[in-house]
Amino acid sequence: MSSGGVARGAALAMGAAAVAHVGPGVVAWRRGRCAVLPRLAGIGRLDHVALTFDDGPHPVSTPLVLDALERFGWHATFFCLGSEARRHPGTLREIARRGHEVAVHGDTHRSHLLRSALDVSRDVISARDSIGELSGQSPRWFRPPYGAVAASTLVGVHRSGMDLVLWSAWGRDWRAGQTGLSVADEVDRTSTGGDTVLLHDSDITSTERSWEATVASLEVLARRWEARGLVVGPLREHF
Ligand SMILES: [Zn+2]
């Protein structure tokens, strides 16, 4: 992304601030960034879906996601937390061992809004180092908690040498009462083409066992994406 694009993204992000996982403002912002900042939104090849999972690694649910991905022959990108990577290093290594791309979601799951640039930079770099050392990969992508991009996020990401990417479609799989079908329907509803799809392989910031619907949604999405001739892969193959 150009520096002008980054600055414009920062301005837009500030306007959309405080975007947690809820509220109509988030949807409007998601649509806005797809149109104005397609690269930040993860819009890539039109024949390709970049499948991404946030908030792991989790010792119970991440392996279930990995098994499902293996059934479909897919590889994905996992935006991991440094705190969870240190707690569950074996699960993180398993993500990498099975050929998936490891990326960074922060050291802790705290919004960057209202935090200093120094604090955020330390968080981002600490997460990059923990996740990199434990996984054996050099993470390329960063996605902030809640997708909330502050000026401090841009500083931290720049210092870390990673690329910032959010998402263009999501399953809202963190909410209570979701099923595989409802998560897949939400992905379809928010799809714009060339999507980066946000799902979660952990429930640490979601409704308890929300990953059951996430895992179930993959079966539904596999049928739909295959029928549309879409190829599924990690972000490294998306642009
Ligand atoms: Zn998250």
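Residues numbered from 1 in each chain as written. Predicted model: local features only at pLDDT ≥ 70, side-chain atom pairs only at ≥ 80, totals over all residues. Heavy atoms only, no water.

K.L.:
Tell me about the coordination of the zinc ion, residues and numbers included.
P.N.:
The coordination sphere of the zinc ion contains the protein donors Asp-55 (OD), His-105 (NE2) and His-109 (NE2), at a distance range of 2.1 to 2.2 Å. Motif for the zinc ion, donor spacing along one chain: D-x49-H-x3-H. Here Asp-55 is found in the loop between β1 (48-54) and α3 (61-72), whereas its partner His-105 is found in the loop between β3 (101-104) and α6 (117-135), with 50 residues between them in sequence. Both residues of the pair, Asp-55 and His-105, belong to the buried class. (Donors = N, O, S within 2.8 Å, 3.2 Å for Na, K, Ca; no water. Helix = DSSP H or I, 4+ residues; strand = E, 2+ residues; numbered from the N terminus. Buried < 20%, exposed > 50% of the residue type's maximum accessible area, 1.4 Å probe, protein only.)

K.L.:
How would you summarise helix α8 (residues 180-190) if you had to cite specific residues and measurements?
P.N.:
Inspection of α8 places Gly-180, Val-183, Ala-184, Glu-186, Val-187 and Thr-190 among the buried residues, and these make up the whole buried set. Across the axial projection of α8, the buried residues extend over an arc of 155 degrees, all falling on one side. (Arc of directions from axis to C-beta.)

K.L.:
Which residues make up helix α9 (residues 211-227), and what values go with them?
P.N.:
Across its 17 residues, α9 extends 25 Å between first and last C-alpha, which sits within 8% of the 24 Å expected from 1.5 Å per residue. Along α9, the sharpest change in direction is near 25 degrees and occurs at Val-220. Looking at the buried positions of α9, the neighbouring elements they touch are β1, α3, α8, β7 (196-200) and β8 (231-233). Gly-229 sits one or two residues past α9 and shows a positive phi near 75 degrees. (Expected span 1.5 Å × (residues − 1). Bend = angle between axes of the 7 residues up to and from the residue. Contact = heavy atoms within 4.5 Å.)

K.L.:
Run through the confidence of the model for the protein chain, naming residues and quoting values.
P.N.:
Per-residue pLDDT for the protein chain averages 90, and the proportion of residues at 70 or more is 88%. Across residues 1-27 the pLDDT falls below 50, and counting only partners more than four positions away or on other chains, this stretch makes 33 contacts in the model. (pLDDT = per-residue confidence, 0-100.)

K.L.:
For the side chain of His-48, give the residues involved together with the corresponding values.
P.N.:
Relative to the helices and strands, His-48 resides in strand β1. There is a polar contact of 2.8 Å between the side chain of His-48 and the side chain of His-238. Contact partners of His-48, with chain neighbours within four places excluded, come to Gly-194, Asp-195, Leu-230, Val-231, Val-232, Gly-233, Pro-234, Glu-237 and His-238. (Polar contact = N/O pair within 3.5 Å; in protein donor to acceptor, adjacent residues only side chain to side chain.)

K.L.:
Describe the nonpolar core, and please don't skip the residues or the numbers.
P.N.:
One finds Leu-51, Phe-53, Leu-69, Phe-78 and Trp-225 to be the most contacted residues of the largest nonpolar core, which totals 48 residues. In contact with Phe-78, other than residues within four places in its own chain, are Phe-53, Thr-62, Val-65, Leu-66, Leu-69, Ile-95, His-100, Glu-101, Val-102, Ala-103 and Asp-201. Counting 6 residues, the second largest nonpolar core, distinct from the first, contains Ala-50, Phe-79, Val-165 and Leu-235. (Core = buried A, V, L, I, M, F, W, Y, C linked by side-chain atoms within 4.5 Å.)

K.L.:
Could you give an account of the side chain of His-58, with specific residues and numbers?
P.N.:
Relative to the helices and strands, His-58 is located in the loop between β1 and α3. Take His-58: its relative accessible area is 15%, and that puts it in the buried class. At 3.0 Å, the side chain of His-58 forms a polar contact with the backbone nitrogen of Val-60. Contacts of His-58, omitting those with residues within four sequence positions, involve Pro-63, Thr-91, Asp-201, Ser-202, Asp-203 and Ile-204.

K.L.:
Describe the packing of α3 against α9, and please don't skip the residues or the numbers.
P.N.:
Where α3 meets α9, the axes come as close as 10 Å, and the angle between the chain directions of the two elements is 5 degrees. It follows from the interaxial angle that α3 and α9 lie roughly parallel. Mapping the contact onto sequence places Ser-61, Leu-64, Val-65, Ala-68, Leu-69 and Phe-72 in α3 and Trp-211, Val-215, Leu-218, Glu-219 and Ala-222 in α9. Of the residues that constitute the contact of α3 with α9, the class distribution is 9 nonpolar, 1 polar and 1 charged. (Axes fitted to C-alpha atoms, helices over the stretch in contact; angles between N-to-C directions. Parallel < 35°, antiparallel > 145°, perpendicular 65-115°, else oblique. Nonpolar A, V, L, I, M, F, W, Y, C, P; charged D, E, K, R; others polar.)

K.L.:
Describe the pattern of salt bridges, listing the residues and the values that go with them.
P.N.:
If you walk through the whole model with that rule in mind, you get 20 salt bridges. In this structure, Asp-119 engages Arg-115 in a salt bridge whose closest nitrogen and oxygen atoms are separated by 2.9 Å. Exposure remark for Asp-119: the relative accessible area of 28% places this residue in the partly exposed category. A relative accessible area of 11% means that Arg-115 is categorised as buried. For Glu-186, the salt bridge identified is with Arg-172, shortest N-O distance 2.9 Å. Of this pair, Glu-186 sits in helix α8 while Arg-172 sits in the loop between β6 (169-170) and α8, and the two are 14 residues apart along the sequence. Via salt bridges that share partners, Asp-67, Glu-70, Glu-94, Arg-97 and Arg-98 belong to a single interconnected network. (Salt bridge = Lys/Arg side-chain N within 4 Å of Asp/Glu carboxyl O.)

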